[in-house]
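Below are the chains, spelled out letter by letter.
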Amino acid sequence: NVHDTSAFHDFIGYQKNKNLNDTLNYYGIRVNDERDKSVYRSNPNFWATRPLTKKMIDWASSDVDKLFQLAEKQLERISGAKK
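Keep in mind it's a predicted model, so treat the numbers as computed, not measured.

A tally of helices and strands in the protein chain yields four helices and zero strands. In sequence order, the secondary structure elements of the protein chain are arranged as α-α-α-α. For the protein chain, the C-alpha atoms occupy an extent of roughly 50 × 25 × 20 Å along the three principal directions. Taking all 83 residues of the protein chain together, 24% fall into the buried category. If you take every contact in the protein chain between residues at least 6 apart in sequence, the share linking residues at least 24 apart comes to 51%. Carbon and sulfur atoms provide 52% of the accessible area of the protein chain, an area that totals close to 6100 Å². Computed over 14 positive and 11 negative side-chain charges, the inter-centroid distance for the protein chain is 3 Å.

Glancing now at unusual backbone geometry. Cis geometry marks the peptide bond from Arg-50 to Pro-51, where omega comes out at -5 degrees. In this fold, Pro-51 is placed in the loop between α3 (39-42) and α4 (54-82).

Right, let's talk about the packing of aromatic side chains for a bit. Applying the stated criterion across every chain, the model contains six aromatic pairs. Note on Tyr-40 and Phe-46: the rings are 6.2 Å apart at their centroids and 85 degrees apart in plane angle, and the pair reads as edge-to-face. With a centroid separation of 5.3 Å and 75 degrees between ring planes, the pair formed by Trp-47 and Trp-59 is classed as edge-to-face. Of the two residues, Trp-47 sits in the loop between α3 and α4 while Trp-59 sits in helix α4, which places them twelve residues apart along the sequence.

As a further point, take the environment of Tyr-40. Tracing the backbone shows Tyr-40 in helix α3. Relative accessible area serves as the criterion here: at 33%, Tyr-40 is assigned to the partly exposed category. If we skip the residues at most four places from it in the chain, Tyr-40 touches Phe-46, Trp-47 and Trp-59.

Another point: the pattern of salt bridges. Applying the stated criterion across every chain, the model contains four salt bridges. Across the salt bridge formed by Asp-58 and Lys-54, the nearest N and O atoms sit 2.8 Å from each other. Of this pair, Asp-58 and Lys-54 both sit in helix α4, four residues apart, roughly one helical turn.

Conventions used here
Residues numbered from 1 in each chain as written. Predicted model: local features only at pLDDT ≥ 70, side-chain atom pairs only at ≥ 80, totals over all residues. Heavy atoms only, no water. Helix = DSSP H or I, 4+ residues; strand = E, 2+ residues; numbered from the N terminus. Buried < 20%, exposed > 50% of the residue type's maximum accessible area, 1.4 Å probe, protein only. Contact = heavy atoms within 4.5 Å. Areas by Shrake-Rupley, 256 points an atom, 1.4 Å probe, with all protein chains shown as cover. Lys, Arg positive; Asp, Glu negative; His and termini not counted. Charge placed at Lys NZ, Arg CZ, Asp CG, Glu CD. Phe/Tyr/Trp six-rings, centres within 6.5 Å; stacked < 30°, edge-to-face > 60°. Salt bridge = Lys/Arg side-chain N within 4 Å of Asp/Glu carboxyl O.

Take a look at the structure:
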C-alpha cells in the first residue's frame, strides 16, 4: 500500500502547500530537527549534491522516520471520521 501524506493533507483541506514540519506540527508530531532550509540560500541545488553528505542522510532518514508516524495519525483521523 502507498499513502501519500502530502496529498492526504491537501485533500482533507487542512493546509495546502505546507512543508513536512508544518504538517507534522499540525498532527502533534515532533518536527524533524535535522531540517535546515537555510542550505537552499547558499546552494539551491542542495539535494543534487553527490555523494550525499552525513547532514543530508540524517535529514532524509529523519523525514522518513516521521512519515510513518504521520501516516498513522492521518489514517487514525479518517478512521475516526467514519465512525
